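Coordinate inspection notes
Here is how the chains run, residue by residue.
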Amino acid sequence: MEPKEIRVGMVGYKFMGKAHSQAYRDVPMFFPDAPRPVMKAICGRDTEAVRQAAQQFGWESAVTDWRELVSRSDIDVIDINAPSNVHKEIAVEAARAGKHIFCEKPLALSLADSREMLREAETAGVKHMIGFNYRFAPAVQLARKLVSDGRLGQIYHFRAWFLQDWILDPDFPLVWRLDKSVAGSGSHGDLGAHLIDLAHFLVGEMTEVIGMSETFIKERPMPSAMTGLSASGSTDGPKGPVTVDDATLFMARFASGALGSFEATRFAAGHRCTNAFEINGSKGSVKFDFERMNELQVYFTGDDEDVQGFRRVLATDPAHAYMDAWWPAGHTIGYGQTFTHEVVELLQAIGGNRQPVPNFHDGIKCQAVLEAVELSIDERRWVRIDEL
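Residues numbered from 1 in each chain as written. Predicted model: local features only at pLDDT ≥ 70, side-chain atom pairs only at ≥ 80, totals over all residues. Heavy atoms only, no water.

1. Brief notes about the side chain of Lys 99
Here Lys 99 is to be found in the loop between helix H4 (87–96) and strand E5 (100–104). Despite being buried, Lys 99 has no salt bridge partner; Asp 76 is the closest side chain of opposite charge, sitting 6.3 Å away. A distance of 2.5 Å separates the side chain of Lys 99 from the backbone oxygen of Arg 72, its partner in a polar contact. At a separation of 2.9 Å, a polar atom in the side chain of Lys 99 contacts the main-chain carbonyl oxygen of Ile 75. In this structure Lys 99 touches Val 70, Arg 72, Ser 73, Ile 75, Asp 76, Ile 78, Ala 94 and Val 126, once residues within four positions along its chain are discounted. (Helix = DSSP H or I, 4+ residues; strand = E, 2+ residues; numbered from the N terminus. Buried < 20%, exposed > 50% of the residue type's maximum accessible area, 1.4 Å probe, protein only. Lys, Arg positive; Asp, Glu negative; His and termini not counted. Salt bridge = Lys/Arg side-chain N within 4 Å of Asp/Glu carboxyl O. Polar contact = N/O pair within 3.5 Å; in protein donor to acceptor, adjacent residues only side chain to side chain. Contact = heavy atoms within 4.5 Å.)

In structure tokens, the structure reads:
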């Protein structure tokens with residue numbers, strides 16, 4: 001019998017913690033047929049900060065030790081959105097405690113650790129999901145449908161770029177996302193991971209890659225405070241080394257024969273969150289930019305010559321994924337709703353006794369590409385994904 005409630009414990013309370021919390025709160029109002037999430041406890045190291053987050057976000061309680069959270073008998077799912085260097089340890093212990101797992105990307109700091117997380121989850125027989133929220137924009141779901149239904153024909157090209165500018169200032173502090181020991185990599189793993197997953201979701205698996213990267217600012221002031229993508233620090237104080245990439249570009253070949261190009265950077269002035277892709281096929285093309293996330297640009301070669309051109313499709317009708325739960329046609333949704341759709345998938349999968357999608361298998365595929373690109377950069381050559 002499908003459970004009516006699923007009890008959640010969450011590790012992390014800042015940027016992603018707020019996004020996930022909003023999603024859990026949205027579900028009962030807009031998706032009443034899904035199992036209802038019960039926000040049992042939120043976890044963070046700062047006692048006062050996590051207590052305030054629990055009150056603000058709507059959690060029943062707050063704790064400072066994730067091990068306590070994992071061991072509680074009144075929790076069914078562990079949601080992990082803390083920094084990347086703790087994903088593996090928490091996920092492994094959660095699996096061994098019989099908890100389902102929802103883990104933000106990247107899955108872990110290495111492919112080996114990602115594979116271990118999957119082994120533990122499969123041994124325990126728990127459900128596992130990875131947080132690739134951009135899949136869940138209705139316009140992206142429409143692009144997937146056009147590809148899978150063959151309406152774009154044979155796919156020739158996938159090109160994608162994720163451009164930000166939030167660390168353009170050389171005096172911006174050395175936040176944890178710029179520390180390889182915590183983040184794993186820079187724009188490559190943070191932004192590029194989303195592009196890689198979108199490529200897998202829309203076009204299929206890659207076979208080989210070749211890449212290049214650069215760290216433009218080699219050292220930065222040490223931070224005095226960090227919250228989400230903001231931080232403060234003194235320009236007169238000590239500095240520390242930046243140990244991740246500021247920008248990474250790579251090319252890829254897909255198993256289908258398509259060609260791909262990918263660019264991830266935090267140094268694109270004027271770009272706040274330009275997460276975009278274009279797909280070109282024998283019968284048409286699509287273009288998407290997350291800064292206009294409710295729109296998909298669509299072109300079909302079969303249109304009459306006098307009206308050929310890209311058309312703007314507003315993906316807000318009931319015919320578009322998830323949109324029948326929201327507002328009347330033409331009334332748009334936003335960034336937060338991609339997380340709501342993720343959580344709906346998680347809850348429905350647990351309720352229906354199936355694995356959610358995307359899951360740790362998708363996280364491993366993404367991690368393999370990330371590491372293949374890094375190996376390519378180090379050895380200045382094409383690298384096959386199956387080498388890893």
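Back to the text.
2. Focus on the packing of aromatic side chains
One pass over the full model with this rule turns up 21 aromatic pairs. A centroid spacing of 5.6 Å and a plane angle of 40° characterise the contact between Tyr 299 and Phe 310, whose relative ring orientation is tilted. Of this pair, Tyr 299 sits in strand E17 (residues 295–300) while Phe 310 is found in the loop between E17 and strand E18 (311–314), placing the two residues eleven residues apart along the sequence. For Tyr 299, a relative accessible area of 18% gives the class buried. A ring pair is formed by Trp 326 and Trp 327, whose centres lie 6.4 Å apart and whose planes are at 50°; its orientation type is tilted. (Phe/Tyr/Trp six-rings, centres within 6.5 Å; stacked < 30°, edge-to-face > 60°.)

3. Considerations on helix H8 (residues 187–202)
If you check H8, its first and last C-alpha atoms are 21 Å apart, about what 16 residues at 1.5 Å a residue would give, namely 22 Å. Within H8, the axis deviates most sharply at Ala 193, by approximately 40°. Within H8, 16 of the 16 residues are buried, which leaves it mostly tucked inside the rest of the structure. Just past H8, the residue Gly 204 takes up positive phi, approximately 125°. (Expected span 1.5 Å × (residues − 1). Bend = angle between axes of the 7 residues up to and from the residue.)

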